[in-house]
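The residues making up each chain are set out below.
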Amino acid sequence: MVNLDEVKILTLPKFLDVRGNLSVIEELKDIPFQIKREYWIYDVPGGEKRGGHAYKENREFIVALSGSFDVIIDNGNERKTYALNRSYYGLYVPQGLWREMENFSTNSLALVLASTGYDPADYIYDYQEFKR
Ligand code: TYD
């Protein structure tokens, strides 16, 4: 079972400027994996949930580029909620953890950096199977 201590909020470099701020992510420097894929979740209707699955291999880094949402991480034994609401930090989620996303604010934008290409066979959609 993956220890929830391995799930981490990572603060990104932030360049404050009167012209507006800038943050950056470099693979293997600001996050602990090479980026194979990027996707983003947007236009989430109020009250909707995303996720509800685990990955066998894929590791992810999730940033609220805009707005806010909650990421719920469950290792089969305990469950923690991480509120993301700033674009200069994100949540590192190792493989082998159950993940849900909810409480999306209006116009929220979730950026997800992933360590593997998309592979439906990497997903576990059944919570009981995940626990086993
Ligand atoms: P899904 O993984 O169910 O989204 P979430 O975990 O946020 O609930 O993906 C939704 C759809 O998008 C599904 O039909 C598969 C497709 N998809 C891809 O084709 N490539 C990808 O990299 C991802 C993440 C999803």
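Before any of the text, the structure's been laid out above.
For clarity, every value in this text was computed on a predicted model and none was experimentally measured.

**Notes on a nonpolar patch on the surface**
So, point 1. Taken together, the side chains of Phe-15, Leu-22 and Val-24 define a hydrophobic patch exposed on the protein surface, amounting to about 270 Å² of accessible area.
So, point 2. By the element assignment, Phe-15 lies in strand S2 (residues 14-15).

**Structural notes on the pattern of salt bridges**
So, point 1. Under the definition given, this model contains 6 salt bridges.
So, point 2. In this structure, Arg-19 engages Asp-17 in a salt bridge whose closest nitrogen and oxygen atoms are separated by 2.7 Å.
So, point 3. For Glu-102, the salt bridge goes to Lys-49, with nearest N and O atoms at 3.1 Å. In this pair, Glu-102 is assigned in strand S10 (residues 98-102) and Lys-49 in the loop between strand S4 (37-41) and strand S5 (50-55), connecting sequence segments 53 residues apart.
So, point 4. Shared partners join several salt bridges into a network, and the residues in it are Asp-74, Arg-79 and Glu-100.

**So, the site of the ligand**
So, point 1. Around the ligand, the structure places Arg-37, Tyr-39, Ile-41, Arg-50, Gly-51, His-53, Tyr-118 and Tyr-123.
So, point 2. Here His-53 contributes a side-chain N or O atom positioned 2.6 Å from an oxygen atom of the ligand.
So, point 3. Within the side chain of Tyr-123, an N or O atom sits 2.9 Å from an oxygen atom of the ligand.
So, point 4. Protein coverage of the free-state accessible area of the ligand, which is 530 Å², stands at 60%.
So, point 5. The set of elements that each furnish at least two residues to the shell around the ligand consists of S4 and S5.

Conventions used here
- Residues numbered from 1 in each chain as written.
- Predicted model: local features only at pLDDT ≥ 70, side-chain atom pairs only at ≥ 80, totals over all residues.
- Heavy atoms only, no water.
- Patch = residues over 30% accessible without salt bridge, like charges linked within 9 Å, V, L, I, M, F, W, Y side chains within 5 Å.
- Areas by Shrake-Rupley, 256 points an atom, 1.4 Å probe, with all protein chains shown as cover.
- Salt bridge = Lys/Arg side-chain N within 4 Å of Asp/Glu carboxyl O.
- Helix = DSSP H or I, 4+ residues; strand = E, 2+ residues; numbered from the N terminus.
- Near = heavy atom within 4 Å.
- Polar contact = N/O pair within 3.5 Å; in protein donor to acceptor, adjacent residues only side chain to side chain.

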